[in-house]
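Coordinate inspection notes
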Amino acid sequence: MVISLKNYVLKIIKENKKSIKVFIFCIVLGLATGIVSYNFLSVDNKHELVNSVENTLDICKNENFEKVSILQNGLKSNLYTIILFLIVSTTIVAPMVFCCIFFLKGFAIGIYISVIYSIFGFWDGTLSNFLINIIPNLIFIPVYIFIGIKTIDFHYYICGPNSLREKIKSLIYLGYSYIISMPFFFLSIVIEQIVFPIVLNIYIKI
């Protein structure tokens, strides 16, 4: 099973090198833009972003974390992402919109990384970013790219001269791709929930 999964992943990479490079470029560009943009924000805007994250951390701290469901919110977020991808796939400008979505994802991560550094400082911020940004996204981003590729493929298929039956079969295959992606999304959320208390303890001590 492990070998089959490995072969499947290698096949996906080999057949979609161009799309993967484009999506990675969009994410990295968004990440860099988010970090740079944060440094050019006004003091008031920076305080607003920092206060927003600090308020979330304070809620988690005051409610002893068990009452705050990262898992539930994460699953909802991923479900909304899949619905968004499916809706976008039916539009003529889907490839351009997907590039914007991946750019915005990188941008949001870049802003969040910068805010974490502002709250925790360099050393604690580096550790915290490694735990709640890098580790979960090592799983999340590849799966995010995977469903992006499969959705783009679906877009080109339904926009092509294919019969209704073939388009329905393509939609079913896309649904299957979403289903096999969910456990990995779930894993990234679980990892985030596992490491978050460590970050919360760091926050309490600073």
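In the block above lies the structure referred to throughout.
From a predicted model like this one, the values you see are computed outputs, not experimental measurements.

1. Section: the nonpolar core
Counting 28 residues, the largest nonpolar core has Phe23, Phe85, Phe98, Phe102, Ile145 and Ile147 as its most contacted members. For this core, the elements supplying multiple residues, two or more each, are helix H2 (17-40), helix H4 (70-89), helix H5 (94-120), helix H6 (122-159) and helix H7 (164-205). Top contributing element to this core by residue count: H6, with 11 residues. Setting aside residues up to four positions removed in sequence, Phe98 forms contacts with Phe23, Phe85, Val88, Ser89, Thr151 and Ile152. In terms of nonpolar packing, the next biggest core, distinct from the first, is built from 20 residues, Leu57, Ile119, Ile132 and Leu200 among them.

2. Concerning H2
Between its terminal C-alpha atoms H2 stretches 34 Å, which fits the 34 Å expected from 24 residues at 1.5 Å a residue. Every buried residue of H2 is accounted for by Ile20, Phe23, Cys26, Ile27, Gly30, Gly34 and Tyr38.

3. As for the state of the cysteines
Using the criterion set out here, one finds 0 disulfides in the structure. Residue Cys99 stays outside any disulfide, its sulfur separated by 4.0 Å from that of Cys26, the closest cysteine.

4. Concerning the side chain of Ser114
Residue position: Ser114 is located in helix H5. Accessibility expressed as a relative area gives 9% for Ser114, which makes it buried. Other than its neighbours up to four places away in sequence, Ser114 contacts Gly34, Ile35 and Tyr38.

5. Describing the packing of H2 against H6
Where H2 contacts H6, the axes come no closer than 10 Å and their chain directions differ by 125°. As far as their axial angle goes, H6 and H2 are oblique. Here H2 runs over H6; the crossing is right-handed. Side by side, H2 and H6 meet where Ser19, Ile20, Phe23, Ile24 and Ile27 of the first sit next to Ile141, Ile145, Gly148, Ile149 and Ile152 of the second. Residue composition of the contact of H2 with H6, by class: 8 nonpolar, 2 polar and no charged.

6. Some thoughts on the packing of aromatic side chains
Centre distance and the angle of the planes are the two values used to describe a pair of aromatic rings. On inspection of all chains with the given rule, the structure shows 11 aromatic pairs. Centre to centre, the rings of Phe103 and Phe107 are 6.3 Å apart; their planes meet at 25°, and the pair counts as stacked. In this pair, Phe103 and Phe107 both sit in helix H5, 4 residues apart, roughly one turn of the helix. In this structure Phe103 comes out as partly exposed when scored by relative accessible area, which is 25%. Classification of Phe107 by relative accessible area gives partly exposed; the value is 26%. Centroid distance Phe140 to Phe185: 5.2 Å. Interplanar angle 50°. Geometry classified as tilted. On the criterion of sequence distance, the pair formed by Phe140 in helix H6 and Phe185 in helix H7 is long-range, its members being 45 residues apart. Taking relative accessible area as the criterion, Phe185 reaches 1% and is therefore assigned buried.

7. Here's the deal with the packing of H5 against H6
Between H5 and H6, the shortest axis-to-axis distance is 10 Å and the interhelical angle comes to 175°. Taken together, the axes of H5 and H6 are roughly antiparallel relative to one another. Tallied by class, residues from the contact of H5 with H6 come to 19 nonpolar, 9 polar and 2 charged.

So, how was this worked out
- Residues numbered from 1 in each chain as written.
- Predicted model: local features only at pLDDT ≥ 70, side-chain atom pairs only at ≥ 80, totals over all residues.
- Heavy atoms only, no water.
- Core = buried A, V, L, I, M, F, W, Y, C linked by side-chain atoms within 4.5 Å.
- Buried < 20%, exposed > 50% of the residue type's maximum accessible area, 1.4 Å probe, protein only.
- Helix = DSSP H or I, 4+ residues; strand = E, 2+ residues; numbered from the N terminus.
- Contact = heavy atoms within 4.5 Å.
- Expected span 1.5 Å × (residues − 1).
- Disulfide = S-S within 2.5 Å.
- Axes fitted to C-alpha atoms, helices over the stretch in contact; angles between N-to-C directions.
- Parallel < 35°, antiparallel > 145°, perpendicular 65-115°, else oblique.
- Left-handed = near helix turned anticlockwise from the far one by under 90°.
- Nonpolar A, V, L, I, M, F, W, Y, C, P; charged D, E, K, R; others polar.
- Phe/Tyr/Trp six-rings, centres within 6.5 Å; stacked < 30°, edge-to-face > 60°.

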